[in-house]
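Spelled out, the chains give:
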Amino acid sequence: MPDDAPTRPMLVADQITKSYPGVVANHEVSIDLYAGEIHAVLGENGAGKTTLMAIIYGLARPDSGEVRLDGTPLALHSPKDALSHGIGFVQQHFSLIPTLTVAQNMVLSLSNSGEKVSVGEGTERVRALSARYGLDVPPEALVSSLSVGLQQRAELLKALARNARVLILDEPTSVLTPQESAELSDLLTRLAADGVGIFLISHKLEEVLRIADRISVLRRGRMIGTVAAKTATQRSLAEMMVGELSDAPVVSAGHRPRSETPRLVVENLSVRSESKRGEVHDVSLELFPGEVLGIAGVEGSGQVEMLEAMAGVRQVTHGRIRLDGDDISSLTVRQRQRRGIAHIAADRHAAGFVASLSVADNLVVPVAGDRRFSQGGILRRGAIRDFVKQAIEDFDIRVAGPDVEAGTLSGGNQQRVVIAREFSRQPSVVLSCFATRGLDFASIVAVHERVRAMRDAGAAVAYASVDLDELIALSDRILVLYQGRVAGIVDAEGATSERLGLLMGGSVLT
Amino acid sequence: MTLDWFSLLLVAAIALAAPLLFAALGEVISETAGVINIELEGMMLVGAFTGIAGALASGNIAVAFASALAGGVLVAAVQGIACFIFGANQVVAGIVLNILALGATTFLLVSALGADVTKSAVTLERLPIPILSDIPYIGRALFDQSIAVYLAYLAVPAVWWLLTRTRFGLALKAVGERPAAAESMGVNVLKSRWAALLLCGALAGIGGGLLTLGGLGVFTPNVTKGIGFIALAAVIFGRWKPVGAFGAVMLFSLVDAFQIRAQALGLPIPYQLLVALPYLVTIIALAAFVSRMRPPAALAINYER
Ligand SMILES: Nc1ncnc2c1ncn2[C@@H]1O[C@H](COP(=O)(O)OP(=O)(O)OP(=O)(O)O)[C@@H](O)[C@H]1O
Ligand SMILES: [Mg+2]
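Residues numbered from 1 in each chain as written. Chains lettered and ligands numbered in written order. Predicted model: local features only at pLDDT ≥ 70, side-chain atom pairs only at ≥ 80, totals over all residues. Heavy atoms only, no water.

Colleague: Outline the nonpolar core, listing residues and values.
Modeller: Membership of the largest hydrophobic core comes to 134 residues, with the highest contact counts inside it found for Leu-108, Leu-167, Leu-188, Leu-191, Ile-198 and Ile-215 of chain A. The element best represented in this core is helix H1 (residues 3–32) of chain B, accounting for twelve residues. Excluding its chain neighbours within four sequence positions, the residues that come into contact with Leu-108 of chain A are Ile-97 and Leu-100 of chain A together with Arg-167, Leu-170, Ala-171, Ala-174, Met-185 and Val-187 of chain B. One finds Ala-296, Ala-360, Phe-423 and Met-504 of chain A within the second-largest nonpolar core, a separate group that totals 45 residues. (Core = buried A, V, L, I, M, F, W, Y, C linked by side-chain atoms within 4.5 Å. Buried < 20%, exposed > 50% of the residue type's maximum accessible area, 1.4 Å probe, protein only. Helix = DSSP H or I, 4+ residues; strand = E, 2+ residues; numbered from the N terminus. Contact = heavy atoms within 4.5 Å.)

Colleague: Break down the sheet that holds strand E11 (residues 264–271) of chain A for me, with residues and values.
Modeller: Residue and element names in this part refer to chain A. Spatially, four strands are ordered E12-E11-E14-E15 in an open sheet, and the strand pairing comes out antiparallel. Only two strands of the sheet have a single neighbouring strand rather than two, namely strand E12 (280–287) and strand E15 (326–327). Judged from the two bridges that link them, strand E14 (residues 318–323) and E15 form a sheet pairing that is antiparallel. Residue pairing for E15: Arg-322 is matched across the bridge by Asp-327. In this fold helix H9 (residues 303–311) packs onto E11, E12 and E14, with an angle of close to 120° to the strand it touches most, E11. (Pairing = 2+ DSSP bridges. Axes fitted to C-alpha atoms, helices over the stretch in contact; angles between N-to-C directions.)

Colleague: Run through the packing of aromatic side chains, naming residues and quoting values.
Modeller: Residue and element names in this part refer to chain A. What the rule picks out here adds up to five aromatic pairs over all chains. Ring centres of Tyr-57 and Phe-89 lie 5.2 Å apart, and the angle between their planes is 75°; on these two criteria the pair is classed as edge-to-face. You can see Tyr-57 sitting in the loop between helix H1 (49–56) and strand E4 (64–69) and its partner Phe-89 sitting in strand E6 (residues 87–90), a full 32 residues away along the chain. The ring of Phe-395 carries the charged tip of Arg-450 above its face, separated from the ring centre by 3.8 Å. (Phe/Tyr/Trp six-rings, centres within 6.5 Å; stacked < 30°, edge-to-face > 60°. Lys NZ or Arg CZ within 6 Å of the ring centre and 35° of its normal.)

Colleague: Could you give me a rundown of the sheet that holds E4 of chain A, with the residues and numbers involved?
Modeller: All names here are of chain A. Spatial ordering of the open sheet is given by E2-E1-E4-E5, a layout of four strands whose pairing is antiparallel. Of all strands in the sheet, those with a lone pairing partner are strand E2 (23–33) and strand E5 (72–73), marking the two edges. Relative to E5, E4 runs antiparallel, the two being bridged by two bridges. Directly across from Leu-69, in E5, lies its bridge partner Thr-72.

Colleague: Any details on the domain arrangement of chain A? Residues and values, ideally.
Modeller: Residue and element names in this part refer to chain A. By the assigned domains, chain A splits into domain 1 (1–86 + 164–243), domain 2 (286–315 + 327–340 + 428–510) and domain 3 (352–426). In this structure, domain 1 and domain 2 have C-alpha centres spaced 33 Å apart. Counting residues at the interface gives ten residues for domain 1 and eight residues for domain 2. Here domain 1 and domain 2 share an interface that buries about 860 Å² over both sides, 58% of which is from carbon and sulfur atoms. There are three residue pairs in polar contact (both at pLDDT 80 or more) connecting domain 1 and domain 2. Along the lines of polarity and charge, the residues of the side of domain 1 that touches domain 2 split into three nonpolar, five polar and two charged. (Domains from an automatic or database assignment. Buried area = accessible area lost by both parts, 1.4 Å probe. Polar contact = N/O pair within 3.5 Å; in protein donor to acceptor, adjacent residues only side chain to side chain. Nonpolar A, V, L, I, M, F, W, Y, C, P; charged D, E, K, R; others polar.)

Following this line, the structure appears as structure tokens:
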């Protein structure tokens, strides 16, 4: 809080309780927000952070408890009510309409606050606000053609256009590059200085310590406490989040002998994409058993499409993919899976995660053809149930039971379902794209441990991430993509974020 | 085959196209908002029926069209109640409504209109536009039609404008693409979908009414003969755009007009094959193009908060 902080909080959520079948997402949670402060909210996956914010925004209704703004209780029946009180929410999944332009999205959002503007006026508004906050968002671009970072800015503009006094951001930096994250931090600090109160949900302790004024921690639906950022440390916060802390030694990858013959070879691969961003041009690479090949690049550099093509989800326009010498370019996803390829898709909603099916079904679908789980086309229900129970336990999926609809899980727990499904198949090739996005600290460590274990067991792993520190810690070699082309391949040992950052930005390495 | 033959073909095609066009435009609006109406056929059939009933009861063509519109809206309302209030699957509800519409209109034809199915009502007059209707070859086809046909063509730019240039249109696109996101922007998803659905019912009802009132003024069982389904196909073929749907409707209508005139010519082609031609073209067009089409993302998915 700035020194001249107001004495009364602007917004108070008082004794909020919210239950879903089988889980208490929030249990008598209280939190408050002063004008001009950045208040971070931390907690493990499924701790109830998003639920609490959804209640403040009127997206969900609490079972009991109330939200007060300037001392008066708010009757929030929908986001419309929250918006009219100047509460804005940048959600974990953006709430923009991809088939409309930024300006059209703006018009929609404004017109529902009672301000009737034309598309032309909407365009002007986007321009003016972009200029004022230095955000550089093109008003006439279709949202679906924008990078994730720009989409997030568009989302922010939407809230700012409605003069938000309270701004809620749910894991805003988990989709951003380090550069974009830094810019967002700057913007948030400036907004706070203008008197906006900001709730910031994040899993990145170091970032939170840097920009937040106060920090609140949730654990399994309960408020553990609120501390001043000045007095907190990464360790004290982690302890609040999980209860006790075990000292998990972080082993760095080091350099290990690897096999002579590559498992997977990509030759001159080109892939077309719906938008210009994400096209892949003439990429060649070799993936050896027993190595983790990190794939760096700003989002939209083609990493998503390249891995999709390798997994068989996306059509190859040109080039070849070989597995143990055989051309697999024209094999189906299924056939590639049988040959040991596992794929964690960048967007779980677009590939491989069915929100309307149960957690158990999501886990079993790709392995259902396995001899262990079916015989002559008949499912062996007992074996399946055991497998599902084991996976839920092993991957620490926080869910009331295997039959819960997967779409109701918290963001991080949905990601765990996908990881559990792909990793529990004992793959010999792992193609992983942004696997740890949205995971809390402990689960990220767990995923890294599994990746290392698979590598040590001889699997070939391609691991894309926008987090350079993660890549340096986990990889043996790092391939950098820039605008769909290979900008360079470097050894992880001795690689620095600065050097990789230069390559990612298109500066050629000598 | 002379130029005159083509001119007559065009006249027939445009008359055939108008009812289809009303239904297809209504469906474009509805599907944009994420609501699919398999019962488009049923809407048209009921519209055709209530249109005739209104005409017989009042003897007034405006009243007749108003009741055709109301008939379509009635079917839409039942669909809305089933899907938006009771959460029924849109496709299933649509199929059931089609069966219901056919049964109900056939039954009522006998019990309410009386068994005299050939009793004819007032029908639409042609309204030639001076000068324009004298343009050689195309003048008669385009400018010597009934007012309803002119309105059908005006409806194409009107619906385009509605969907792309108004806030209402943006809201429809939003709820058809990402209802949850639309909701969080403050759009009322259910209200928008109701509006789109009822609008579709109204347009399809008028289209159905035009079938009977614009023609012989009699209702026969299943008088729509599946053109509601062709309108559905035209929406897909037209890529969910009003102008696209117009193009698709014109294509089907030209083929249909051709097969009617070909029958009259007495060509040595089995007439069953000719009658099947428009449907065949529909199937081929869809099979050839459908994989490249991207429907609204939330089409046919009910929205639950
Ligand atoms: N609509 C819903 N239906 C049923 N359960 C729900 C629903 N929304 C959330 N939950 C449950 O409530 C709990 C809290 O979820 P929430 O999304 O608030 O977690 P979170 O702290 O945001 O986690 P993450 O860091 O993974 O995003 C979870 O157990 C989740 O499964
Ligand atoms: Mg969350």
